[in-house]
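Structural features, examined
Letter by letter, the chains look like this.
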Amino acid sequence: AEKPAPVSFREAVLFWLKLGFISFGGPAGQIAILHQELVERRRAEDALRESEERFRTLFEYAPEAVVVVDADTGRFVDPNGNAATLYGLSRSELLKVGPGTMSPPIQPDGRSSDVAAREKVSAALSGATPVFEWMHRNAAGQDIPCEVRLVRMPAAGHNYVRASVTDITERKRN
């Protein structure tokens, strides 16, 4: 259970004044203030829903694979359709694995994938926005050279990192 945000002194005074108007305005004042509260709440809910729809559209229709990774469990918590295509797994299958599973044990530079991944994710959690090349491996066992961009995701109580993963196979051939 998340703690509600603290109420500012100004908000508390304004609400107290509204309560005073309810007492002096009688039923008409109570209805007017209740209507105002309901309208404000509806506007806030609509704005939140619209913001969520914009995020979902950006996420789902991004040209690259986009995944949200739980840094504590090392698993994908939200893959887009392009991630399912890149890794050759369904979305539900991707939720059971993470980038460590979808990488060869050793990266082309000779470093352990697990160690290198932890370093990059740690940097993102610290506020950096690392961009780097990474070798992923799809479900068929084929290695895929990728460019990865990480950024920390705001999530109360969770250490989430968003990864944008671009297949750079063609770039590597040239």
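Anything mentioned here points back to the structure above.
Everything numeric here is computed off the predicted structure, so don't read it as measured data.

Description of the environment of Asn82
For Asn82, the location among the structural elements is in helix α2 (residues 81–87). For Asn82, a relative accessible area of 29% translates into the label partly exposed. Taking the C-alpha atoms as reference, Asn82 lies 6.2 Å from Glu64; in sequence the two are 18 residues apart. Sequence-distant contacts of Asn82, defined by excluding residues within four places in its chain, comprise Ala62, Pro63, Glu64 and Ala65. A distance of 3.5 Å separates the side chain of Asn82 from the backbone oxygen of Glu64, its partner in a polar contact.

Brief notes about helix α4 (residues 113–125)
Compared with the 18 Å implied by 1.5 Å per residue over 13 residues, the 18 Å span of α4 between its first and last C-alpha is a close match. Each element contacted by the buried residues of α4 is listed here: β3 (131–137), β4 (143–153) and β5 (160–167). Two to three positions downstream of the cap, the backbone nitrogen of Asp114 sits 3.3 Å from a side-chain oxygen, assigning the N-cap of α4 to Ser112. Gly127, located one to two residues past α4, shows a positive phi value of around 105 degrees.

So, the layout of surface pockets
Of the voids in this model, the largest pocket is the one considered here, and its volume is about 400 Å³. Contributing to the lining of the largest pocket are 23 residues, with Val69, Pro99, Ala117, Arg118 and Val121 lying nearest its centre. Sorting the residues of the lining of the largest pocket by element identifies β1 (65–70), α4, β3, β4 and β5 as the ones contributing at least two each. Of all the elements, α4 adds the most residues to the lining of the largest pocket, at seven residues. In the lining of the largest pocket, the residues fall into 16 nonpolar, four polar and three charged. Quantified by volume, the second largest pocket comes out at close to 190 Å³. In terms of lining, the second largest pocket is formed by 14 residues, of which the most central are Gln107, Pro108, Asp109, Glu133 and Trp134. Elements supplying a minimum of two residues to the lining of the second largest pocket: α4, β3 and β4. Considering every element that reaches the lining of the second largest pocket, the biggest residue donor is β3, with four residues. For the lining of the second largest pocket, the class distribution of residues is eight nonpolar, one polar and five charged.

Quick notes on the packing of aromatic side chains
The geometry of two aromatic rings is summed up by the distance between their centres and the angle between their planes. In this structure the tally under the stated criterion is two aromatic pairs. The interplanar angle of 80 degrees and the centroid separation of 5.9 Å between the aromatic rings of Phe132 and Trp134 together place this pair among those described as edge-to-face.

Describing the sheet that holds strand β2 (residues 75–79)
Judged by pairing direction, the sheet is antiparallel, and its five strands sit side by side in the order β2-β1-β5-β4-β3 without closing on themselves. Here the strands that pair on one side only, and so sit at the sheet edges, are β2 and β3. For this sheet, the mean angle separating the axes of adjacent strands, direction not counted, is 40 degrees. Relative to β4, β3 runs antiparallel, the two sharing seven bridges. Considered in β4, the bridge of Trp134 is made with Cys146. Here α4 sits on the sheet and contacts β3, β4 and β5; the angle it forms with β4, its principal contact strand, is near 30 degrees.

Quick word on the side chain of His136
Residue placement: His136 occurs in strand β3. The exposure class of His136 is buried, given its relative accessible area of 3%. Engagement of the side chain of His136 in a polar contact is seen with the side chain of Tyr87, the distance being 3.5 Å. Engagement of the side chain of His136 in a polar contact is seen with the backbone oxygen of Met102, the distance being 3.2 Å. The residues touching His136, leaving out its near neighbours within four places in the chain, are Tyr87, Pro99, Met102, Ser103, Pro104, Gln142, Asp143, Ile144, Cys146, Val148 and Val165.

Criteria and thresholds
Residues numbered from 1 in each chain as written. Predicted model: local features only at pLDDT ≥ 70, side-chain atom pairs only at ≥ 80, totals over all residues. Heavy atoms only, no water. Helix = DSSP H or I, 4+ residues; strand = E, 2+ residues; numbered from the N terminus. Buried < 20%, exposed > 50% of the residue type's maximum accessible area, 1.4 Å probe, protein only. Contact = heavy atoms within 4.5 Å. Polar contact = N/O pair within 3.5 Å; in protein donor to acceptor, adjacent residues only side chain to side chain. Expected span 1.5 Å × (residues − 1). 1 Å grid on protein atoms, 1.4 Å probe; cavity = no way out; pocket = protein on both sides within 12 Å on 5 of 7 lines; lining within 4 Å. Points joined across faces, edges and corners; volume = space filled by probe spheres on them. Nonpolar A, V, L, I, M, F, W, Y, C, P; charged D, E, K, R; others polar. Phe/Tyr/Trp six-rings, centres within 6.5 Å; stacked < 30°, edge-to-face > 60°. Pairing = 2+ DSSP bridges. Axes fitted to C-alpha atoms, helices over the stretch in contact; angles between N-to-C directions.

Everything listed here is a matter of coordinates, which is why it stays silent on function.
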